Amino acid sequence: WLHGLRKENGKQLDQSTIYNYHKNLKAIINVAVKFDKIARNPYDRLKGEFSRGEKENVEYLSEEEMRRVEQLVLLPGELATARDLFVFQMYTGLSYSDAQSFSLDNYKLDNGKWKYSGERIKTGVAFVSQLLPPVIAVIERYGWRVPRMTLQHYNENLKLLGKAAGISTRMHSHLARHTFATYMLRNGVKVENLQKMMGHRRITQTL
C-alpha cells in the first residue's frame, strides 16, 4: 500500500521513507507492549523483512563546529533553549524522545560520574549513558532537568542556530546524535562500546 502512494510531484515514496513509516509504527507498538495494551510486537517476527534502502551520507558537526555552537552568545529565549538541548544531545547521543524523558533520578553517581543503563523509548533497545561536563552544565542551568521544546519548534530554531553559528550543514535534532557518535569514535571509544551508548541492536547500525 505504501509503495502505491504518490508524492505531490507524482513520484513513488522511496524505500527509506517507507522504512521510516514502519519504524515509527513499530515504536508506537513497543509503547503499547510496555503498558500491557498488547502482548507482543508483531514486527518482532519480521526481522530483516523491511529494507531501509540506500544509506545516505551521515552528516555531523566537526569539533570546531561543536565549539561554535556551544560558545554562541545568545539572549534567553527559544533559540538559547534549542542550543542547550542540542548540546545535551550532542554529548549524550540520546534521541529527541529519550532526551525529553530524561530524569536525573535514573542516573547513579559512580566515582564522581553520573551513569545510567536503560532502554530507548522508540525501540526498547538497551543502552548506557554517562553525563559529560557539557551536559552537567546544561541541566544545572535548568534546575537539573532537560529543557523542554516541541520537536517542530526545536528543529525550526536549530535552522536559525546553524545560521547564527555559521554552519553550512543543515541543523536538525538527529544531527546531534550523529555528531556524538563521530565525536566518540574520534576520541578513542571502541565501536562495540559506542553501539551500547547509541542503543543499536546491530553493530552495522553504528558503522
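Calculation criteria
Residues numbered from 1 in each chain as written. Predicted model: local features only at pLDDT ≥ 70, side-chain atom pairs only at ≥ 80, totals over all residues. Heavy atoms only, no water. Helix = DSSP H or I, 4+ residues; strand = E, 2+ residues; numbered from the N terminus. Contact = heavy atoms within 4.5 Å. Pairing = 2+ DSSP bridges. Axes fitted to C-alpha atoms, helices over the stretch in contact; angles between N-to-C directions. Left-handed = near helix turned anticlockwise from the far one by under 90°. Nonpolar A, V, L, I, M, F, W, Y, C, P; charged D, E, K, R; others polar. Phe/Tyr/Trp six-rings, centres within 6.5 Å; stacked < 30°, edge-to-face > 60°. Buried < 20%, exposed > 50% of the residue type's maximum accessible area, 1.4 Å probe, protein only.

Colleague: What exactly am I supposed to notice about the environment of Lys196 here?
Modeller: With respect to the helices, strands and loops of the structure, Lys196 is situated in helix H8 (residues 191-198). Along the primary structure Lys196 and Ile18 are separated by 178 residues, whereas in three dimensions their C-alpha atoms are 26 Å apart. With sequence-adjacent residues up to four places away left out, Lys196 is seen in contact with Ala126, Phe127 and Val128.

Colleague: Just checking my understanding: could you explain the pairing of strand E2 (residues 113-119) for this structure?
Modeller: When a strand is regular, its side chains alternate between the sheet's two faces. Note: strand E1 (residues 108-110) against E2, three bridges, orientation antiparallel. Across the sheet, Asp110 pairs through a bridge with Lys113, a residue of E2. Joining the antiparallel neighbours E1 and E2 is a turn of two residues, in which Asn111 adopts a positive phi near 55 degrees. Where E2 meets strand E3 (residues 126-130), five bridges bridge the pair, whose relative direction is antiparallel. Looking across to E3, one finds that Glu119 is bridged to Ala126. Hairpin connection from E2 to E3: six residues lie between these consecutive antiparallel strands, with Gly124 at a positive phi of about 75 degrees.

Colleague: In this structure, what is going on with the packing of helix H3 (residues 78-90) against helix H5 (residues 133-141)? I would like to understand it.
Modeller: When two helices pack together, their arrangement is captured by the angle between the axes and the distance separating the axes. Where H3 meets H5, the closest approach of the two axes is 8 Å, and the angle between their N-to-C directions is 145 degrees. Crossing geometry of H3 relative to H5 is assigned as left-handed. Between H3 and H5, the contacting residues are Asp84, Val87 and Phe88 on the first element and Pro134, Val135, Val138, Ile139 and Arg141 on the second. Classifying every residue of the contact of H3 with H5 gives six nonpolar, no polar and two charged.

Colleague: Explain the packing of aromatic side chains to me, please; I cannot follow it from the model alone.
Modeller: By convention here, two paired aromatic rings are described through the distance between centres and the angle between planes. All chains considered together, the criterion is met by six aromatic pairs. Ring plane angle 70 degrees and centroid distance 5.2 Å describe the contact between Phe88 and Phe102, whose orientation is recorded as edge-to-face. In this pair, Phe88 sits in helix H3 while Phe102 sits in the loop between helix H4 (96-100) and E1, placing the two residues 14 residues apart along the sequence. The buried category is assigned to Phe88, whose relative accessible area is 0%. What makes Phe102 buried here is its relative accessible area of 8%. Seen in terms of ring centroids, Tyr91 and Tyr183 are 5.6 Å apart; in terms of plane orientation they differ by 85 degrees. Their pairing is edge-to-face. Of this pair, Tyr91 sits in the loop between H3 and H4 while Tyr183 sits in helix H7 (residues 173-186), and the two are 92 residues apart along the sequence. You'll find Tyr91 and Tyr183 in the same group, each marked buried.

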